[in-house]
Amino acid sequence: MKIEGVIIPEGYKSKSSLIETEVHIKKIKDFFERAIAENLNLTRVSAPLFVEPATGMNDNLNGIERPVSFDILATGKDVQIVHSLAKWKRYSLFRYGFSVGQGLYTDMNAIRRDEELDNLHSVYVDQWDWEKIITKQERSLETLKDTVKTIYKIFKNLEDYSCNELINEEKFLPEDIFFITTQELEDKYPDKTSKEREDIIAKEKGAVFIMKIGGTLKSGEKHDGRAPDYDDWTLNGDIIFYYPVLDRAFEVSSMGIRVDEEALEKQLKIAGCEDRKNLEFHKLLLEGKLPYTIGGGIGQSRICMFFLRKAHIGEIQASIWDEKNLKICSQHDIRLL
């Protein structure tokens, strides 16, 4: 059942108390964090909550979201709360002196003030941002797919742990993740919207990596927006699961091989953002000073919600909710933190 955009699963009732949920969240996060660090050879680093706009480090997402800005008395400069750390991570790999095959990860916290609030979307965003150095030759579809398979194996192991040790529920994930491009998906379901296509393919396959996001499809539409200056639109994608609790596609990660000099030039031109070439980050990249990398973000609250079988992300994280979400959740015994 859907009420004003909020999905209420039939007969849903959380099987754990608020404090039990908090304990489970910690265990889920600890399990996943250890596993991804070990499997991708990542070192944990600290990360900024805000950056100066002039550096070009902030992610502008789809280009329409407004960052939260404020001035700092001591410096006299305005700063922005990060939307993500996609570009900061790559710069940090260069600045810290990481080598090929090594990477970093960090806790990324953000405020996305323009989000439309529902079961999966909150003003508060928490994710693991990770980035790893690869060679020029490794900028390939094979590298991308192999990395996705490695991360998916971690998700499978996490589901085993959660279902067997924490919640005693059935498992949802299939043995393997399915790969498909946005164009193949449009060709398969030409009369559907991009979100409807995601729901259909996720339900059909159970777990899917939808590739090549950001460019224009044959229809003249984009599957989804992507900033032009971090992901290579031909070598990126989203990891999406089917979530029976809500009967819909459930995105847990956006990731990809990052732009090289050629891809950056091309995508900035397509996006009409060539003025960014004057920013510090973009200058370094175009001068060949930044390493080639692969990276992404993995939603912390999202994976906890999925593996603990919760109906609303507000059952996982403490945030601010509009009257609609508060009222509907209260009426249907969905206990928000």
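Look up a bit, the structure's there.
The shown structure was predicted, so the numbers you read here are calculated from the model rather than taken from an experiment.

Q: If you had to explain the overall build of the protein to someone new, which residues and values would you point to?
A: When its secondary structure is counted, the protein shows 9 helices and 13 strands. A globule of 337 residues ought to have a C-alpha radius of gyration of about 20 Å, and the protein, at 20 Å, matches this closely. Across the 337 residues in the protein, those meeting the buried criterion constitute 53%. Accessible surface, the protein as shown: approximately 15,500 Å² in total, 48% of it carbon and sulfur. Both charge centroids of the protein, one from 48 positive and one from 58 negative side chains, sit 1 Å from each other.

Q: A description of helix H3 (residues 141-167) should follow, citing residues and the corresponding values.
A: In an α-helix, one turn spans 3.6 residues, which is why side chains three or four residues apart end up on the same side. Here H3 spans 36 Å end to end across 27 residues, near enough to the 39 Å set by a 1.5 Å rise per residue. Once H3 finishes, asparagine 168 follows within two positions and takes phi at roughly 55 degrees, a positive value.

Q: Residue-level account of the packing of helix H1 (residues 18-40) against H3, with values.
A: Across the interface, H1 lies against H3 with an axial gap of 10 Å and an inter-helix angle of 150 degrees. Taken together, H1 and H3 sit at an angle that is classed as roughly antiparallel. Handedness of the H1/H3 crossing: right-handed. Side by side, H1 and H3 meet where His24, Lys27, Ile28, Phe31, Phe32, Ala35, Ile36, Asn39 and Leu40 of the first sit next to Thr147, Thr150, Ile151, Ile154, Phe155, Asn157, Leu158, Tyr161, Ser162, Leu166 and Ile167 of the second. Residues that form the contact of H1 with H3 fall into these classes: 13 nonpolar, 6 polar and 1 charged.

Q: How would you sum up the packing of H3 against helix H8 (residues 300-307)? Please name residues and give values.
A: With their axes 10 Å apart at the nearest point, H3 and H8 run at an angle of 55 degrees to one another. Taken together, the axes of H3 and H8 are oblique relative to one another. The handedness of the crossing between H3 and H8 is right-handed. The residues of H8 that touch H3, namely those facing Phe155, Leu158, Glu159, Ser162 and Ile167, are Ile303, Phe306 and Phe307.

Q: Explain the pattern of salt bridges to me, using residue names and the numbers behind them.
A: For the coordinates displayed, the defined rule picks out 28 salt bridges. Notably, a salt bridge pairs lysine 195 with glutamate 198, separated by 3.8 Å at the nearest N-O pair. On the criterion of helical spacing, the pair formed by lysine 195 and glutamate 198 is a turn pair, its members being 3 residues apart in helix H5 (residues 194-205). In this structure, glutamate 274 engages lysine 277 in a salt bridge whose closest nitrogen and oxygen atoms are separated by 3.9 Å.

Q: Mind laying out the layout of surface pockets, listing which residues take part and the relevant values?
A: Space inside the second largest pocket adds up to approximately 370 Å³. Around the second largest pocket, the lining comprises 19 residues; the ones closest to its centre are Lys13, Lys15, Glu169, Leu308 and Arg309. Class assignment for the residues of the lining of the second largest pocket results in 8 nonpolar, 4 polar and 7 charged.

Q: Outline the nonpolar core, supporting the account with residue identities and numerical values.
A: The biggest cluster of nonpolar side chains holds 59 residues, and the ones touching the most others in it are Trp130, Phe155, Ile239, Phe241 and Ile303. No other element matches H3, which puts 9 residues into this core. The next biggest cluster of nonpolar side chains, apart from the first, holds 23 residues, and it includes Val51, Phe98, Leu104 and Cys273.

Q: Please provide a residue-by-residue account of the sheet that holds strand E10 (residues 207-211), values included.
A: Strand order in the open sheet made by the 8 strands is E3-E7-E8-E13-E12-E11-E10-E9, with mixed pairing throughout. With partners counted over all chains shown, the strands left at the sheet margins are strand E3 (42-44) and strand E9 (178-181), one partner each. The mean angle between the axes of side-by-side strands here comes to 25 degrees, regardless of whether they run parallel or antiparallel. Of the pairings in the sheet, the one linking strand E7 (residues 103-111) to strand E8 (residues 124-133) comprises 9 bridges and is antiparallel in character.

Q: Describe in detail the sheet that holds strand E5 (residues 69-72), supporting the description with residues and values.
A: The strand order E4-E6-E5 describes an open sheet built from 3 strands, whose pairing is antiparallel. A single partner strand is all that each edge strand has here, and the edge strands are strand E4 (50-51) and E5. In this structure, E5 lies alongside strand E6 (residues 77-81), joined through 4 bridges in antiparallel fashion. Along E6, the bridge assignment pairs aspartate 71 with aspartate 78.

Conventions used here
Residues numbered from 1 in each chain as written. Predicted model: local features only at pLDDT ≥ 70, side-chain atom pairs only at ≥ 80, totals over all residues. Heavy atoms only, no water. Helix = DSSP H or I, 4+ residues; strand = E, 2+ residues; numbered from the N terminus. Rg over C-alpha atoms; globule rule 2.2 N^0.38 Å. Buried < 20%, exposed > 50% of the residue type's maximum accessible area, 1.4 Å probe, protein only. Areas by Shrake-Rupley, 256 points an atom, 1.4 Å probe, with all protein chains shown as cover. Lys, Arg positive; Asp, Glu negative; His and termini not counted. Charge placed at Lys NZ, Arg CZ, Asp CG, Glu CD. Expected span 1.5 Å × (residues − 1). Axes fitted to C-alpha atoms, helices over the stretch in contact; angles between N-to-C directions. Parallel < 35°, antiparallel > 145°, perpendicular 65-115°, else oblique. Left-handed = near helix turned anticlockwise from the far one by under 90°. Contact = heavy atoms within 4.5 Å. Nonpolar A, V, L, I, M, F, W, Y, C, P; charged D, E, K, R; others polar. Salt bridge = Lys/Arg side-chain N within 4 Å of Asp/Glu carboxyl O. 1 Å grid on protein atoms, 1.4 Å probe; cavity = no way out; pocket = protein on both sides within 12 Å on 5 of 7 lines; lining within 4 Å. Points joined across faces, edges and corners; volume = space filled by probe spheres on them. Core = buried A, V, L, I, M, F, W, Y, C linked by side-chain atoms within 4.5 Å. Pairing = 2+ DSSP bridges.

The values are spatial; any link to function lies outside them.
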